[in-house]
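# Summary of structural features
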Amino acid sequence: MSALESSIVLPPGFEPATDGREGEAYYLNMGPQHPSTHGVLRLVVRLDGETVLGVVPHPGYVHRGIEKMGENMSVLQYLHHTDRLDYLSSLGNSLSICLIVERALGLGVPERADYIRVILCELQRIASHMLWWGVFGMDLGAITTFFYGFRDHELITQLFEEVCGARLTLNYFRPGGVAQDVPADFLAKVQVILEQTRRSLDEYDRLLTKNVIIQERTHGIGVLPAATARSYGCSGAVLRASGVDYDVRKHDSYSIYDRFAFDVPLGRNGDCFDRYEVRMREMAQSVRILEQAVAQFPAAGPWRSKELPQYKLPAGSWFRWVEAARGAFGTFIVSDGSLKPVRIKNRSPGFSNLSVLDEIARGAKLADLVTILSSLDIVVPDIDR
Amino acid sequence: MSQHAPAYPRRSLARYLIDATKSLVTGLGITGRYLAHPKEVVTREYPDNRTQLRFAERFRGPVTMPHDEAGEHRCTACGLCEKACPNGTISILATRNLADKRVLGQLVYHLGQCSFCGLCVEACPFDALRMSHEFELASDQKADFERVLNHKEGR
């Protein structure tokens, strides 16, 4: 190594390269304020011309220390902070904590509450995937999809506002049920959304899935082999697009998901198009679950089991994961028997899914990096916590 | 990467041109439909439509304290809302009335710290707090984020 080479300071995260391209390679900073990084994520890319040789993501720009905050408050108070992790699937986040508290304290959940939970969770999955669909199109240069995605997302958000009292930070699930009963016209509104969703999915397919530009830009781009996906702990559509059949709702069932018939969509190649298609088919499966849930919905009944004055977890440690919109979201709580937990850890799907970016983006073009990042569907506050 | 070579067929140039034209026409057809059906367009003209905005009844805005016709509130300064708040948003400043009973002096609400979770309203056993539908909260005056919710001391 010459004196000049040894004096060069590489960007953090990069090792001195031995691939013989040192002379040609250069480093490019992308983000943290970049529209395609979906928030404040910073990527440092090593490039040769337009070819990506390596990517180092630098998360942490929206780190709020939510897990540490959880050590200074009761579980019930922490519940609403989880809405601020993955804000597009906030119900899944709080559901994992509710399931933990219910198991730790032996609380039962009324049947009606179970159905409300499943309906809202699946609606949120559809809403999250719709928004992702719009953003994915926009990242590839089709701004119309962004408006269409948001238009359909808005319908579901309005229902959330009527049921939960907020549009994103819902804070609706409670240990032992839900905070309030649903309004009287809830099921009718869900039916309207289902009707609209079926129409929209058809429109999405015609507009984007069958579009030549989208196909050419996603076929064979960012191929993630099943073994790599498994070893990095990927989950959700990223894992299933690689052909690994794992869905927490199906294979580690929780709540009342075992009562519904639904398929787990799988991909073959693990490329961007498969990840796209798996999410589109997941929306159709969510519609299927919702149809069954609406048909079985109990007409009346309690929505929350008896409220406790304090939710003190007994000493011990608990873990529960759920299938959030982006993959397996888990919460690990260690308690010493007092009101405040000793330690809370959230296992976020976005962090594991982002970790494979370097592996699958190598050899791709810089423009494909945007496609790959978008197909991973990350939400940065979920990664930084 | 190579062991999972994707099995997509490569298009010939003629096929490519046909497919490209087809998807171009389909895309233009979908977007053009909305041009011809302006009633299906969902855009709303905020802030021009401010007067017609309707909020869901459960919408959680800033906390308020309802007062009855006589100007009385129901707060007893028990402090449960203060304890329930995850962010330390509410400060109950209690005082004593002429009969030496603990009553509410001021309920100071630090709006800047509030995350609108609604736990204080759920915790209140006397139904003394409500979430309002106020939503345009931006201000350049720091004093706007420190509110005293009660109009007068408790009795």
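Fair warning: this is a prediction, and the values are worked out from it, not measured in the lab.

### Considerations on the pattern of salt bridges
Residues and elements named next belong to chain A.
- In total, this model carries 33 salt bridges over all chains according to the counting rule given.
- Residue R320 is joined to D252 by a salt bridge in which the shortest nitrogen-to-oxygen separation is 3.9 Å. Of this pair, R320 sits in strand β6 (residues 316-324) while D252 sits in the loop between α11 (248-251) and α12 (272-296), and the two are 68 residues apart along the sequence.
- Looking at R320, the relative accessible area reads 15%, which means it is buried.
- Classification of D252 as partly exposed rests on a relative accessible area of 30%.
- Among the charged side chains, a salt-bridge network with shared partners connects E122, R125, R240, D247, R249, E282 and E323.

### What about the domain arrangement of chain A?
Residue and element names in this part refer to chain A.
- The domains assigned to chain A are domain 1 (3-58) and domain 2 (82-309 + 352-382).
- Centre-to-centre, using C-alpha coordinates, domain 1 lies 32 Å away from domain 2.
- Opposite the 19 residues of domain 1 that make contact, domain 2 presents 17 residues.
- It is H38, V52 and V55 in domain 1 that bury the most area against domain 2; as a group they hold 37% of the surface buried on that side.
- The tally of links from domain 1 across to domain 2 stands at zero salt bridges.
- Here domain 1 is connected to domain 2 by five residue pairs in polar contact (both at pLDDT 80 or more).

### Observations concerning the domain arrangement of chain B
- Splitting chain B by domain gives domain 1 (10-40) and domain 2 (63-148).
- If you average the C-alpha positions of domain 1 of chain B and of domain 2 of chain B, the two centres end up 57 Å apart.

### A closer look at the interface of chain B and chain A
- Between chain B and chain A, the residue contacts involve 32 residues of the former and 48 residues of the latter.
- For the pair chain B and chain A, the two sides together bury roughly 3,100 Å², of which 52% comes from carbon and sulfur.
- Summed over the shared surface of chain B and chain A, the number is two salt bridges.
- Taking the shortest distance from any N to any O, the salt bridge between E154 of chain A and R44 of chain B comes out at 3.5 Å.

### Some points on the nonpolar core
All names here are of chain A.
- With 77 residues, the main nonpolar core has I119, L120, L123, W133, Y172, F173 and F260 as its most contacted residues.
- Sorting elements by how many residues they give to this core places helix α5 (residues 111-139) first, with 13 residues.
- Non-local contacts of L120, meaning those with residues more than four positions away in its chain, are made with L91, F160, V163, C164, Y172, F173 and F186.

### Considerations on the side chain of D384 of chain A
All names here are of chain A.
- Note that D384 resides in helix α16 (residues 380-384).
- No salt bridge is formed by the buried D384. Its closest oppositely charged neighbour is R64, at 6.9 Å.
- Polar side-chain contacts of D384 include one of 3.0 Å to the backbone nitrogen of V62.
- Filtering out sequence-adjacent residues up to four positions away, D384 remains in contact with P59, G60, Y61, V62 and H63.

### Points about a nonpolar patch on the surface
Residue and element names in this part refer to chain B.
- Judged by side-chain polarity, L13, Y16 and L17 come together as a nonpolar surface patch covering roughly 320 Å² of accessible area.
- Within the fold, L13 resides in helix α1 (residues 13-36).
- L13 sits in the exposed class, given a relative accessible area of 66%.

Basis of the calculations
Residues numbered from 1 in each chain as written. Chains lettered and ligands numbered in written order. Predicted model: local features only at pLDDT ≥ 70, side-chain atom pairs only at ≥ 80, totals over all residues. Heavy atoms only, no water. Salt bridge = Lys/Arg side-chain N within 4 Å of Asp/Glu carboxyl O. Helix = DSSP H or I, 4+ residues; strand = E, 2+ residues; numbered from the N terminus. Buried < 20%, exposed > 50% of the residue type's maximum accessible area, 1.4 Å probe, protein only. Domains from an automatic or database assignment. Contact = heavy atoms within 4.5 Å. Buried area = accessible area lost by both parts, 1.4 Å probe. Polar contact = N/O pair within 3.5 Å; in protein donor to acceptor, adjacent residues only side chain to side chain. Core = buried A, V, L, I, M, F, W, Y, C linked by side-chain atoms within 4.5 Å. Lys, Arg positive; Asp, Glu negative; His and termini not counted. Patch = residues over 30% accessible without salt bridge, like charges linked within 9 Å, V, L, I, M, F, W, Y side chains within 5 Å. Areas by Shrake-Rupley, 256 points an atom, 1.4 Å probe, with all protein chains shown as cover.

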